[in-house]
Amino acid sequence: MPSHQLRDTATQQFLARDLADYPAAEAALDRLDDELEHDLAANDEGAGHIRLRLDVEKVTAGLTEAVGHHVLVLGVDDHAGPLPTL
């Protein structure tokens, strides 16, 4: 039975393993984002626009296949309208 995992693209460190399916991987990405924002706030640290590149991989019978790529951007407020110009 296939499972999914999250891996930091730069360090190749696993951030989550044995996730049931792709929606579970997306939920894990959301939790990771929330946890990192919370930890930074608890330490009274600004994120300074930290960008994490993460790979979503599907594992079937020991074979790993990339099935998605996400970029988490911390320290940026979510805007309801168009992005601000720089």
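*Asks:* Can you walk me through the overall build of the chain in this structure?
*Replies:* Secondary structure summary: the chain contains one helix and four strands in total. Sequence-ordered secondary structure for the chain, helices as α and strands as β, is β-β-α-β-β. When burial is assessed residue by residue, the chain has 26% of its 86 residues classed as buried. Of the contacts formed within the chain by residues at least 6 apart in sequence, a portion of 47% connects residues at least 24 apart. Surface summary for the chain: the accessible area is close to 6,200 Å², and the carbon and sulfur share equals 52%.

*Asks:* Help me out: how do you make sense of the nonpolar core in this one?
*Replies:* Generally speaking, soluble globular proteins have nonpolar side chains that are buried together. Counting residues in each nonpolar core, the largest one holds 10 residues, listed as Leu6, Ala16, Leu19, Ala25, Ala28, Leu29, Leu32, Leu54, Val56 and Leu72. Secondary structure elements with two or more residues in this core: strand 2 (14-19), helix 1 (22-42) and strand 3 (50-60). The leading source of residues in this core is helix 1, at four residues. Sequence-distant contacts of Leu19, that is, excluding residues within four places in its chain, are made with Ser3, His4, Gln5, Leu6, Ala24, Ala25 and Ala28.

*Asks:* Could you clarify how one ought to interpret the side chain of Ser3 in this entry?
*Replies:* As for its placement among the helices and strands, Ser3 is situated in strand 1 (residues 3-8). Judged by relative accessible area, Ser3 falls into the buried class, the value being 17%. With near-sequence residues (within four places) excluded, Ser3 lies in contact with Asp18, Leu19, Glu57, Lys58 and Val59.

*Asks:* Please clarify how a negative patch on the surface should be interpreted in this entry.
*Replies:* Side chains of Glu26, Asp30, Asp34, Glu35 and Asp39 sit close together on the surface and give a patch of like negative charge. Assignment of secondary structure puts Asp30 in helix 1.

*Asks:* Whenever I open this one, the pairing of strand 1 confuses me. Can you help?
*Replies:* Along any regular strand the residues' side chains alternate between the sheet's two faces. Most of strand 1 is tucked away, with six of its six residues classed as buried. Side chains Ser3, Gln5 and Arg7 project from strand 1 onto one buried face, and the interleaved His4, Leu6 and Asp8 project onto a second face that is buried too. Where strand 1 lies against strand 3, six bridges are found, and the strand directions are antiparallel. Each bridged residue has a counterpart across the sheet, and for Asp8 the counterpart in strand 3 is Leu54.

*Asks:* Please explain the pairing of strand 4 (residues 63-74) as it appears in this structure.
*Replies:* Alignment of strand 3 against strand 4, held across 11 bridges, turns out to be antiparallel. Each residue of the ladder has a partner; that of Lys58, found in strand 4, is Glu65. If you look at the hairpin formed by strand 3 and strand 4, you'll find two residues sitting between the two strands, and Ala61 has a positive phi there, around 50°.

Conventions we followed
Residues numbered from 1 in each chain as written. Predicted model: local features only at pLDDT ≥ 70, side-chain atom pairs only at ≥ 80, totals over all residues. Heavy atoms only, no water. Helix = DSSP H or I, 4+ residues; strand = E, 2+ residues; numbered from the N terminus. Buried < 20%, exposed > 50% of the residue type's maximum accessible area, 1.4 Å probe, protein only. Contact = heavy atoms within 4.5 Å. Areas by Shrake-Rupley, 256 points an atom, 1.4 Å probe, with all protein chains shown as cover. Core = buried A, V, L, I, M, F, W, Y, C linked by side-chain atoms within 4.5 Å. Patch = residues over 30% accessible without salt bridge, like charges linked within 9 Å, V, L, I, M, F, W, Y side chains within 5 Å. Salt bridge = Lys/Arg side-chain N within 4 Å of Asp/Glu carboxyl O. Lys, Arg positive; Asp, Glu negative; His and termini not counted. Charge placed at Lys NZ, Arg CZ, Asp CG, Glu CD. Pairing = 2+ DSSP bridges.

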